[in-house]
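# Working through the structure, step by step
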Amino acid sequence: MSELLDMLAAFKRGEYAGVKIRLGNLQTLMSTACVEHLDFMLSEYIDIGLGSLEVKPLEEREDSNVLDRHTRKSSTGALHHEEEDVLLEDMSGCPTWEVIQHLQTCTSLKGQSLLLRVLLKREGPNFITDEGTIVDRLERLCRKAGDMKYWSVVRLTASLCGKLVDSLAPSITNVLVRGKQVTLGVFGHEEEVISNPLSPGEIKNIVYSKCMPHDEREAVLQQEMIIYIGNIISTTPELFDGILKIRAGWFIQAMKNELKASSEGNQQDIHGLSPSAIKQLLLTVLTQKREDWLHRRQLDGALGRTPKDFYDKVWQILERSPAGFTVSGFHLPQQPTLSDMTLSEMNFALLVERMLGRIAQPEYRQIMVEMLMVLSTILYRNPELEFQGCVELDKLVQESFQYFQQDQSQSHGQEKQDDMTAFFNTPAGVQHGTTSYLAKAAVNRLLQGNVNIDQNEPCTVS
């Protein structure tokens, strides 16, 4: 009874076991409430401070004794499974009979999932083994992995079964109605943009076609991400300020970078984290303010975060660039862009995002955003200047890096290198910061262009 009273008192204080609690009238809370579930994660263990509460369907599971046996594995047994999993990583070249033979003797959940994946791709979901069809075994393995909190296997098997979260379509619509776009696809590979509400079937086709060829687990992880993003943007939309296009694969990359930065030589695989840990990691990435400039640029670049009025400033640069400019091979022409669009038009902002989307490296994307902001400031302070010829922004960034290397060589005796990591990790608005090098390259390029001098005004470059 005392534990129950303590729990109720914690509810009234507004926080319990690290979870924020809000009490109020039901009708008042309903307007901002949302109910979500992950269909492919039937059994989650929730630690609420009163022991381990197991939430599972009402039927009795036949594999409970197997679960107990796996739970009591020794560390030696776990090491054996890891070695076994490495051997089973690629069985695609082995004949079917050999894969089945390994499956009959395999004791690790990951190993079983890898072998079933080979059989599924080769023989199809209805291929019959000694313990049922491939798809039936995957379903059972998914439930067992959920019981054991083996989330990497849960995501792999759920993906191989082609599972889809029921509330995925409403979550995407939740993002779209706030004037943002969603892209699905693995980081570093082709993405598909979603700019209009879609049916569950259409979303399933996109997420599986874009993710499965690269990492099957990503198809499920990206569904979780969209659910969490839809929830967070409903309650705290300000966390997405400056982010126009929510790229699920790039958000996951930002979270991987955060895991790497916060780990001490023992980096976790993001696919092995629990659903609640994934959501917490997403919140950390959205709210974290880091002093490490490399990591800061990696996060902001992966999230696609831009400064206030960024797209307006790019428009103003384009007004002073008669031949337009290029980023990673994407040419943004002055005309017909300025005549077909307006300063505050969403289509122009999306066009700029499409241009920046050609950049493959998050930290480099963020440096490019900084370069555009520097150009905007210089042009604003010097209305007599404009560019001549097409402006290659990648070339300006490279020149900035060369100036940085020259200073490093003179002051620290460092040899010039192609690796830009030190440049990405340099603060912006300080002496010998990235801003000074970006500005130097920008001014040199501008002085090669036209200078429209008003006889009544002094010509000054600042």
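Above: the structure in question.
Parameters and conventions
- Residues numbered from 1 in each chain as written.
- Predicted model: local features only at pLDDT ≥ 70, side-chain atom pairs only at ≥ 80, totals over all residues.
- Heavy atoms only, no water.
- Helix = DSSP H or I, 4+ residues; strand = E, 2+ residues; numbered from the N terminus.
- Buried < 20%, exposed > 50% of the residue type's maximum accessible area, 1.4 Å probe, protein only.
- Areas by Shrake-Rupley, 256 points an atom, 1.4 Å probe, with all protein chains shown as cover.
- Contact = heavy atoms within 4.5 Å.
- Axes fitted to C-alpha atoms, helices over the stretch in contact; angles between N-to-C directions.
- Parallel < 35°, antiparallel > 145°, perpendicular 65-115°, else oblique.
- Left-handed = near helix turned anticlockwise from the far one by under 90°.
- Nonpolar A, V, L, I, M, F, W, Y, C, P; charged D, E, K, R; others polar.
- Polar contact = N/O pair within 3.5 Å; in protein donor to acceptor, adjacent residues only side chain to side chain.
- Core = buried A, V, L, I, M, F, W, Y, C linked by side-chain atoms within 4.5 Å.
- Pairing = 2+ DSSP bridges.
- Disulfide = S-S within 2.5 Å.
- Salt bridge = Lys/Arg side-chain N within 4 Å of Asp/Glu carboxyl O.

On a plain count of helices and strands, the chain comes out with 21 helices and 14 strands. The buried share of the chain, reckoned over its 462 residues, is 47%. Accessible area of the chain: about 23,900 Å², with a carbon and sulfur share of 50%.

A separate point is the environment of Tyr437. Tracing the backbone through its elements, the reader meets Tyr437 in helix H21 (residues 434–446). Between the C-alpha atom of Tyr437 and that of Asp407, which follows or precedes it by 30 residues, the distance is 10.0 Å. Residues in contact with Tyr437, not counting those within four places in the same chain, are Ser400, Tyr403, Phe404, Asp407, Phe423 and His432.

Now for the side chain of Thr183. Its location among the elements puts Thr183 in strand S7 (residues 181–184). For Thr183, a relative accessible area of 2% gives the class buried. With sequence-adjacent residues up to four places away left out, Thr183 is seen in contact with Glu191, Glu192, Val193, Lys245, Ile246, Arg247 and Ala248.

Geometrically, the link from Gln335 to Pro336 is a cis peptide bond, its omega value of 10 degrees lying close to zero. Relative to the elements of secondary structure, Pro336 occurs in the loop between strand S11 (330–332) and helix H16 (337–340). One non-glycine residue with positive phi stands out, namely Asp309, at about 60 degrees. Positionally, Asp309 belongs in the loop between helix H14 (293–303) and helix H15 (310–319). Although it is not a glycine, His432 sits at a positive phi angle of roughly 60 degrees. In this fold, His432 is placed in the loop between helix H20 (421–424) and H21.

With that settled, consider the packing of helix H9 (residues 168–176) against helix H11 (residues 216–235). In the contact formed by H9 and H11, the axes pass within 8 Å of each other and the chain directions differ by 45 degrees. With respect to H11, the element H9 is oriented oblique. Here H9 and H11 pass one another in a crossing that is left-handed. Contact residues: H9 offers Leu168, Ser171, Ile172, Asn174 and Val175, while H11 offers Gln223, Ile226, Ile227, Ile229, Gly230, Ile233 and Ser234. Residues belonging to the contact of H9 with H11 are distributed by class as follows: seven nonpolar, five polar and no charged.

Here Gln223 lies in helix H11. Within the structure, Gln223 has its side chain in polar contact with the backbone oxygen of Lys163 (distance 3.1 Å).

So, about the nonpolar core. Core analysis: the biggest nonpolar cluster contains 71 residues, and Leu184, Phe240, Phe251, Ile270, Leu282 and Leu286 have the highest contact counts within it. It is H11 that contributes the most residues to this core, ten residues altogether. If we ignore the near neighbours within four places in the chain, the residues touching Phe240 are Lys180, Ile229, Ile232, Ile233, Ile246, Phe251 and Leu286. Core analysis: the second largest hydrophobic core is formed by 49 residues, Leu332, Ile359, Ile367 and Phe404 among them.

Bringing the packing of helix H19 (residues 393–412) against H21 into the picture now. Helix-helix packing is characterised by the crossing angle of the two axes and by the distance between the axes. Put simply, H19 and H21 touch, their axes get as near as 8 Å, and they point 125 degrees apart. When the axes of H19 and H21 are compared, the pair comes out oblique. The way H19 lies across H21 gives a crossing that is right-handed. Contact residues: H19 offers Leu396, Glu399, Ser400, Tyr403, Phe404 and Asp407, while H21 offers Tyr437, Leu438, Lys440, Ala441, Asn444 and Arg445. For the contact of H19 with H21, the per-class residue count stands at six nonpolar, two polar and four charged.

Right, let's get into the pairing of S7. Burial along S7 is two-sided: the residues Gln181 and Thr183 and Val182 and Leu184 are all buried. Examined bridge by bridge, S7 and strand S9 (residues 245–247) share three bridges and lie parallel to one another. Bridge assignment links Thr183 to a residue of S9, and that residue is Arg247.

Considering all chains together, one arrives at zero disulfides under this definition. As a non-bridged cysteine, Cys142 has Cys161 as the owner of its nearest cysteine sulfur, 6.3 Å distant. Since its relative accessible area comes to 4%, Cys142 is described here as buried.

Here we take up the sheet that holds strand S10 (residues 325–327). The three strands lie next to each other as S11-S10-S13, forming an open sheet whose pairing is mixed. At either margin of the open sheet sits one strand with a lone partner, and together these are S11 and strand S13 (391–392). Relative to S11, S10 runs antiparallel, the two being bridged by three bridges. Each residue of the ladder has a partner; that of Phe325, found in S11, is Leu332. Strands in contact with helix H17 (residues 346–356) are S10 and S11; relative to S11, the strand with the most contacts, it is inclined by about 150 degrees.

A few words now on the pattern of salt bridges. Scanning the model with the defined rule gives 15 salt bridges in all. Measuring nitrogen to oxygen at the nearest pair gives 3.0 Å for the salt bridge that ties Arg217 to Asp269. Of this pair, Arg217 sits in helix H11 while Asp269 sits in the loop between helix H12 (248–262) and helix H13 (275–287), and the two are 52 residues apart along the sequence. Take Asp269: its relative accessible area is 39%, and that puts it in the partly exposed class. Each of the salt bridges in this network shares a partner with another, and the network as a whole consists of Arg117, Lys121 and Glu216.

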